Protein chains: 4
Amino acid sequence: MAAKLTDLIAELALANRILAHEGVLDAFGHVSVRHPGDPNRYLLSRSRSPLLIEPGDILEYTLDSQPVKPPKAHLYAERVIHGCIYQARDDVMAVCHHHAPAVMPFCIAGKPIQPVFHLGAAMGEDAPFWDQYDEFGDTNLLVVKPEEGQSLARTLGKHNAVLMNRHGATVVGGGLKELVSRSIFMCQNADYQLRALALGTPDRLHPGEVKLAGTLSLLPTVVTRTWEYWSMRLKASGAIPPRGRAAKSAPPRAKARRKR
Amino acid sequence: MAAKLTDLIAELALANRILAHEGVLDAFGHVSVRHPGDPNRYLLSRSRSPLLIEPGDILEYTLDSQPVKPPKAHLYAERVIHGCIYQARDDVMAVCHHHAPAVMPFCIAGKPIQPVFHLGAAMGEDAPFWDQYDEFGDTNLLVVKPEEGQSLARTLGKHNAVLMNRHGATVVGGGLKELVSRSIFMCQNADYQLRALALGTPDRLHPGEVKLAGTLSLLPTVVTRTWEYWSMRLKASGAIPPRGRAAKSAPPRAKARRKR
Amino acid sequence: MAAKLTDLIAELALANRILAHEGVLDAFGHVSVRHPGDPNRYLLSRSRSPLLIEPGDILEYTLDSQPVKPPKAHLYAERVIHGCIYQARDDVMAVCHHHAPAVMPFCIAGKPIQPVFHLGAAMGEDAPFWDQYDEFGDTNLLVVKPEEGQSLARTLGKHNAVLMNRHGATVVGGGLKELVSRSIFMCQNADYQLRALALGTPDRLHPGEVKLAGTLSLLPTVVTRTWEYWSMRLKASGAIPPRGRAAKSAPPRAKARRKR
Amino acid sequence: MAAKLTDLIAELALANRILAHEGVLDAFGHVSVRHPGDPNRYLLSRSRSPLLIEPGDILEYTLDSQPVKPPKAHLYAERVIHGCIYQARDDVMAVCHHHAPAVMPFCIAGKPIQPVFHLGAAMGEDAPFWDQYDEFGDTNLLVVKPEEGQSLARTLGKHNAVLMNRHGATVVGGGLKELVSRSIFMCQNADYQLRALALGTPDRLHPGEVKLAGTLSLLPTVVTRTWEYWSMRLKASGAIPPRGRAAKSAPPRAKARRKR
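Let me begin by describing the structure that accompanies this report. Please read these numbers as outputs of a predicted model, since none were measured by experiment. All residue numbers here refer to positions counted from 1 along the written sequence of the relevant chain. Whichever chain is written first becomes A and whichever ligand is written first becomes 1, with later ones labelled in order. Local features are withheld for residues below a pLDDT of 70 in this predicted model, meaning they are given only at 70 or higher, and side-chain atom pairs are given and counted only at 80 or more; totals for whole chains, interfaces and linings count all residues. Remark: hydrogens and water are excluded; side-chain values derive from all non-hydrogen atoms of the structure.

Examining the side chain of Glu60 of chain C
Then step 1. A run of DSSP states H or I qualifies as a helix once it reaches four residues; a run of E qualifies as a strand once it reaches two. Both are numbered from the N-terminal end. Mapped onto the secondary structure, Glu60 of chain C falls in strand β3 (residues 58-62).
Then step 2. Residues adjacent in sequence count toward polar contacts only when both atoms are side-chain atoms; beyond that, a polar contact is any pair of N or O atoms within 3.5 Å, and within protein one must be able to donate a hydrogen and the other to accept it. At a separation of 2.8 Å, a polar atom in the side chain of Glu60 of chain C contacts the side chain of Arg41 of chain C.

This is the structure:
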C-alpha cells in the first residue's frame, strides 16, 4: 500500500508537470487524485505552479478540503472544487481545474465545445456551463466556498467536464491517466473547433461515434504511447525534474518556502 | 541489400522523428515505407509515438498488415491503412497517416485544401474526402478492418492525399523523402489557406502551375536542403536520438517495454 | 537601504527578462520602478533589449527623465513615458511600455480591450486610447518630448493602462510584481478576447467582478506562485542570466559597449 | 579591404541565421549583400537552408548571377532575383527573398500589406504585387530566368518590398542590418494587420508618419539593440554556430557535400 501511494504521488506530480508542459495548465490550475487507500481523502499539491510540482509538495485532504496534517505551506484557494466533486461523484478518481488558452474563448463567448474529432470524444457528448454569477452574484470568480464547489459539482452532474464562464474549466476522470488524456484532447478539440469555424460549420461526431471513440484514450496501447510521449517532451524541455520522492503527505520543505 | 535495408530503417525512424518535430505527427500518426527488397512487405514501427521511434522499433509486415515475425510489442491498430494502400497502389513507396493541427479544421469543416503556394503543389490538384460513417456507420473512427482500409484506399484513388472527416489525413509518396516533404508542405499550405480566408478569397494555383510546381520538392537541391534543415532542427531540439541501429525487423527491446 | 536598492535593481532586471520571456516585451519595450528611497527618482535600464538586461545596466533618472550621472551608454528615447507618469501619479511605483503582439490588433483596430476572465480584471474596467496624431500630428510615433509624455499621462488618468494607437501600450502598477502580473494577464486577456470573437460576442466581467477579481494577482499566494513560475520558465529557456549584481546606479560596462 | 570583406561575409551568414530563427526564412529563402569592393558583384550562400549557413558557404556572383569561381556546390535556383535587383537599383545593398508564414496569407489572397504600427513603417507606404503568371503563364513559380528576375525588379520599382502572388516576398535594403530589420518588422506588421481584421478595420499610419517612422530601425541605438537581441536569441536556441570564418569566396567543404 505504501509503495502504491508513493507511486501515485509521483504520478500526480508528473501529471501536473505534463499538463503544464502541454499547455493545459500555466501559473495556475491544479490536479488532484482520490486517495487509493481511503475514498474519503484526496491528494493535491500545496499552492505551487504545476510545472514545478514535486512529490514532496503533495498533501492529503479530507473531502471537506481540509488538510489532514497542519499545513506548513500556502494551500490552493480553490481546493473545494476537488473535494466537492469527490463527494458528489463516487466514480471520479481524479480532477483537473484549468484556464487553458484553448478553452478560454468558449468560456468567454459562452459557446459550447463539441466533440469534432475522434480523440475529442474523450470529453463526452457535451460539457455544461456554470456561471458563478448566476447563483452567487459578484465574486472574484474563485471557487472557494463549499457552497460554490457544491454548485459547480451539481452542474457538472454526470458529465466529464464543466465550462466556467469567464474563468476556465474543470475536468474529471476515472483515473489520473484518463484525466490527463481527456484534458489534453479536449483542448485540442477546442482549438480545432475554433479554427474550423473560419471555414464553415464544424461537423460534430455522431452520437454513436462519441460513445465508441470516447474510450479510445483508455486503450492500453494508447495510454502507453501518450504517457511516454508527454513524459519525454517534458524531459526534453529542460523543465525542472523532481529532486526526490516524498513519503506520504510529506510537508513541503519549509526552508525553500521561507526563502520566498 | 542488408546495408540498404539498414539504411532505410534508419531513414524511416528519422522520418518519423522529423515529421513529429515539424508538427505533422504528435502522440499519434505513423509512417511506413515499402520493403526495398520485397514489394509485398512494408516496414512500420511498433506502436510508439513517432518522436521516440528508433531503428529497433521498426517491424516488417505483409500487405495484409500482419507482422512477419511474432510481435513482442503492441502494434498500431490502424496499420491496415498502410497495407491496403500498398496493395492498391504499385507506385506508392511510403505512407503517412496523421492528425496535424493544420489540416484538422478542414477535416472538421469538410472544406477542401487547395494548393495555394508553389510548395503546396506537392499535394496535387486536390485531395478527396473519406467519411468512415458513410460506409461503416458508427465506429470509433479508427481504420482497423481490412474493408475500412480498402475503402480508404479506393477514395484515395490516384491522389497524393486523402482527408478523413473528423479524423485526419493520409498522404502517400514515391519515396520517404517525397512523403516527408509533401506532408510538411501540405500542412503549411493548409495553414496559409485558412489564414488567407481572413483577408478574402484564397487564390489557388493554376492547373499548369500545380503540375510544374508539384515536383519542386523532388529536385535534388531541394531534397538536400530540406533534409539537412529538418534533421538539424530535430537535433537542436534535444529530442531523444536513436541509441543504435537495428538489424532487419529486430524486435523492440522487451526489457524497456516491461518496465512500462 | 543600500541592500534594499540592490535587491530592487536585481528585481527590475529580472522583471525585464520575465516580461520578455513571457512575450510582453521583445527587442523593444522597457520597465522602470520608482526609486525606493527618493520618490523623485526612478530606475530604468540603459538602451538594451529587455531579455538581456542585467543589474549593471540599470541607471537612475530624475522625474524629468534626465540621468542622474553622466551616461556612458545610449539611453531609451522614450523614457519620458516613465518620468511623466511618475510625476502625474503618486501611487504609481512601476511602469511598463510595450508592443506585445497580443495587444497590437486592438491598438491597430482602435477597439477596446475589456476584462473577459478573472485574471484579466487586473487591467481594471477599461483602458483608454491615446493617439499621438490627435495632438502632435505627424511624428515617428515615439514618445520623446516632455509634452508628449505629459499628454499620454493625462489620457492614462487614473487607469491601470493606456493603449497607444498604431504603437503599443503602457501599463502601471503599485509595485514591480503587480506590474509584471498586470502586463502578462492583460495580454492573455487580449488574446482570449480576440479569439472569442470568432465564436460570438465576448462576455465581459460584471463591474463588481472586476473590482473583486482585480486584486487577485496581489494575493501573496498568487504572487509567490507566479513569480516562481515565470522565473523558472525564464531559467529553463537558457536565456542569458545576469553575470553579477551592480551597486547603486553602476554605469554599464563601457568595454562591452565599445565592442559593439 | 580583406578584413572588411571577411567581416561582411560573417555578417551575411549571421543575417541568414537570424532571419531563419526569427521566422522569416525556413528551409527556403536566401539573403545576399552587394560586394563592398565591387558594385558589380554580390555575395550569396551556396544552396543551403539559411539557419545552417556558415561563412564558408558564401560565394561571389556577377550581376548576371553567375558564380565568379567554378562552383563546387549546388547553387540557389532563384539567384537571378538578387542579380536583377542589384542591376536595376544602385541604392540597394542587400536583398532577401522569403516565404514567411506571416506574409503568405497576403500573397495568397492578393490583399496588400499596409504599415499599421510604427516599426512596420520600415516597409514604406506600400508593397506592389507581382504575379509571375501574368507575364510568363504557367511556371513552377520559381524565378529562374533573367527575364523573370528583370520583370520582378521592374515591379519592385523604387519600393522596399514586392509581394509575389502564391509564392512569397522579396525585400531590399541599403545595408544588411536595415534589410534584416525591415524583413522582420514587415512580418510583424503583416501578422498584426491580419489579426486586427478580426476586430474591425485596421488603421494604417498617416503618410507623414510612414516617412518619419520609416527610418526608426536605422537609428544606431535601435540597430545596436535589435542586433544584440536577435543574435542572443539565436545563440540561446542552440542552433548550430559557424565553425570558423572563411576567406573570400571559399568553396564549401566538398567532403561534407559528398557525404550527402
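Some words on the sheet that holds strand β3 (residues 58-62) of chain A
Hydrogen bonds between backbone atoms are what pair the strands of a sheet, whose relative direction is either parallel or antiparallel.
Residues and elements named next belong to chain A.
Then step 1. Whether two strands pair comes down to DSSP finding at least two bridges between them. The strand order across the open sheet formed by seven strands is β3-β2-β1-β4-β7-β6-β5, and the pairing between neighbours is mixed. At either margin of the open sheet sits one strand with a lone partner, and together these are β3 and β5 (129-130).
Then step 2. Sheet analysis places β5 next to strand β6 (residues 161-164), joined by two bridges and oriented parallel. If you follow Phe129 over to β6, its bridge partner there is Leu163.
Then step 3. Along the sheet, helix α1 (residues 2-21) contacts β1 (30-34), β2 (41-45), β3 and β4 (94-98); its crossing angle with β1, the most-contacted strand, is approximately 155°.
Then step 4. The strands touched by helix α6 (residues 176-196) are β1, β4, β6 and β7 (168-173); relative to β7, the strand with the most contacts, the crossing angle is about 145°. In what follows, residue pairs with any heavy atoms lying within 4.5 Å of each other are defined as contacts. Note on geometry: axes are lines fitted to C-alpha atoms, helical ones only across the stretch in contact, with angles between N-to-C directions running from 0 to 180 degrees.

Topic: the nonpolar core
Proteins that are soluble and globular tend to have nonpolar side chains buried together.
Then step 1. The biggest cluster of nonpolar side chains holds 356 residues, and the ones touching the most others in it are Leu176 of chain A together with Leu176 of chain C.
Then step 2. Leave out the neighbours within four places in its chain, and Leu176 of chain A touches Leu8, Glu11, Leu12, Ala15, Val31, Ser32, Val33 and Ala94 of chain A. Among buried residues, those of type Ala, Val, Leu, Ile, Met, Phe, Trp, Tyr and Cys that are joined through side-chain atoms within 4.5 Å constitute a nonpolar core. We call a residue buried when its accessible area falls under 20% of the maximum for its residue type, exposed when it is over 50%, and partly exposed in between, using a 1.4 Å probe and counting protein chains only.

Quick notes on the packing of aromatic side chains
Then step 1. When two rings of Phe, Tyr or Trp (its six-membered ring) have centres within 6.5 Å they constitute a pair, described as stacked for plane angles under 30 degrees, edge-to-face for angles over 60, and tilted for the intermediate range. Counting across every chain of the model gives 20 aromatic pairs over all chains.
Then step 2. Considering the side-chain rings of Phe185 of chain A and Phe28 of chain B, the 5.9 Å spacing of their centres and the 45° angle between planes classify their relative orientation as tilted. Highlighted residues: Phe185 of chain A in helix α6 and Phe28 of chain B in the loop between α1 (2-21) and β1 (30-34), drawn from two different chains.
Then step 3. The buried category is assigned to Phe185 of chain A, whose relative accessible area is 1%.
Then step 4. Aromatic ring contacts, followed pair by pair, group Phe28 of chain A together with Phe185 and Trp230 of chain C into a single cluster.
Then step 5. For a Lys NZ or an Arg CZ to count as sitting over a ring, it must be within 6 Å of the ring centre and within 35 degrees of the ring normal. A cation over a ring is seen here: Lys177 of chain C above Trp227 of chain C, with NZ or CZ 5.1 Å from the ring centre.

Quick word on the relation of the copies chain B and chain D
Then step 1. C-alpha atoms of residues with pLDDT of at least 70 in both copies form the basis for the least-squares superposition of the copies. Once turned by 90° and shifted 0.0 Å along the axis, chain B lies on chain D with an RMSD of 0.0 Å. Taken together, the turn and the small shift mark the pair as related by a four-fold rotation axis. The rotation axis passes nearest to the C-alpha of Ala198 of chain B in chain B, at a distance of 5.5 Å.

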